[in-house]
Amino acid sequence: MRIIRFKEENNVVLGALTDEGSIFVLPQKDFLELTSLAEEKETTALQIVEEVIANSVPISAKVEELQLLVPIEAPEVWASGVTYLKSKEARNYEATEGKLDATTFYDKVYDAERPEIFFKSTAARTVGPNQDVCLRTDSNWQIPEPELGLVINKDGKVLGYIAGNDMSSRDIEGENPLYLPQAKVWKNSCSIGPAIRLAETVENPYEFEIKCRIYRNEEKVVEGSASTGQLKRKFDELVSYLVKDNDIFDGTVLLTGTCIVPPNEFTLADGDRIEIEISDIGVLNNPVKSQSPKT
Ligand code: DO4
Ligand code: MG
């Protein structure tokens, strides 16, 4: 069972999307109202949704026909890094131009007890399905990072799973790891969606299949796939470091690191289109747009 948000005329509607593709309108205003109600009633969000489904009829539209919005307006998005071998190799390449001759920060963090966790985005910088992700004007090497996101509450409980794009500038990060915030945070540099898979409907979160496709002039120019089974760490381990001595908010999203990196010679360009598909969640589609330098 997945939860979506969409625009209908001038209203924002919360919906339940079944595995068969039927959509039911939910009475709650957002995902957090649904999960809070479940907590209050000492039940699950799934049970509340199933009750609505049993007493209503689906809308006639298909999900492709809806104007989808971010399924949750996450107050903050945090991200984990170097949680897959593929990511460690890519960071080592960009930091050394392929001439690796010593142990790097990335080697160390991959093996360290403490994971890399960084601040990625705010609600205003985060876009949803079909909205533009932006390019930086001062970088010549930019890529999407397809990642599984955990939707958590203030206590770090995983409420659901979402697809995310941790847009990244490889040349800025490669020049100096202290530039990480600039390599990761700018206007529209984070995308989440298209739906939240309820946590109670996921048997094994280490079995999500992640795919990424990048299109240029509608021709596929990059394709990659991986599985959360390749993750070096456990999700509760990542969450425990995020919440440690930290106040976080209900509906925070924690991206869990990238496992797919486009070929080293690839950089995103204005007009590209990125698709990030995660099994049992859906396809997050975003066009890519360059920005004009501010005068
Ligand atoms: O070390 C920098 C960031 C790594 C990252 O974003 C990732 O592995 O996904
Ligand atoms: Mg990342």
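Residues numbered from 1 in each chain as written. Chains lettered and ligands numbered in written order. Predicted model: local features only at pLDDT ≥ 70, side-chain atom pairs only at ≥ 80, totals over all residues. Heavy atoms only, no water.

1. Quick word on the domain arrangement of the protein chain
Bring the parts together and some accessible area is lost; that lost area is often taken as the interface size. Segmenting the protein chain into domains produces domain 1 (2–69) and domain 2 (76–289). When each unit is reduced to the centre of its C-alpha atoms, the spacing between domain 1 and domain 2 is 27 Å. Across the contact, 13 residues belong to domain 1 and 16 residues belong to domain 2. For the domain 1 and domain 2 pair, buried surface summed over both sides reaches about 1,200 Å², with 67% attributable to carbon and sulfur atoms. Inspection of the region where domain 1 meets domain 2 yields one salt bridge. For the pair domain 1 and domain 2, the interface holds five residue pairs in polar contact (both at pLDDT 80 or more). (Domains from an automatic or database assignment. Contact = heavy atoms within 4.5 Å. Buried area = accessible area lost by both parts, 1.4 Å probe. Salt bridge = Lys/Arg side-chain N within 4 Å of Asp/Glu carboxyl O. Polar contact = N/O pair within 3.5 Å; in protein donor to acceptor, adjacent residues only side chain to side chain.)

2. Section: helix α1 (residues 31–40)
Phe31, Leu34, Thr35 and Ala38 are the residues of α1 that are buried. Buried residues of α1 fall within an arc of 90° about the axis and therefore sit on the same side. Its side-chain oxygen 3.3 Å from the backbone nitrogen of Leu32, Asp30 forms the N-cap of α1. (Buried < 20%, exposed > 50% of the residue type's maximum accessible area, 1.4 Å probe, protein only. Helix = DSSP H or I, 4+ residues; strand = E, 2+ residues; numbered from the N terminus. Arc of directions from axis to C-beta.)

3. Brief notes about the coordination of the magnesium ion (ligand 2)
At this site the magnesium ion (ligand 2) is bound by Glu145 (OE), Glu147 (OE) and Asp166 (OD), with donor distances of 2.0 to 2.1 Å. The sequence motif formed by the donor residues of the magnesium ion (ligand 2) is E-x1-E-x18-D. Residue Glu147 is found in strand β10 (residues 146–152), and its partner Asp166 is found in strand β11 (residues 158–166); the two are separated by 19 residues along the sequence. (Donors = N, O, S within 2.8 Å, 3.2 Å for Na, K, Ca; no water.)

4. Some thoughts on the pattern of salt bridges
Considering all chains together, one arrives at 21 salt bridges under this definition. Close ionic contact of Arg91 with Glu145 constitutes a salt bridge, the shortest N to O distance being 2.6 Å. Here the residue Arg91 occupies a position in helix α3 (residues 85–96), and Glu145 occupies one in the loop between β9 (142–143) and β10, the gap between them amounting to 54 residues. Each member of the pair, Arg91 together with Glu145, is buried. The partner of Arg273 in a salt bridge is Glu275, and the shortest N-O contact between them spans 2.9 Å. On the basis of relative accessibility, which here comes to 13%, the residue Glu275 falls in the buried class.

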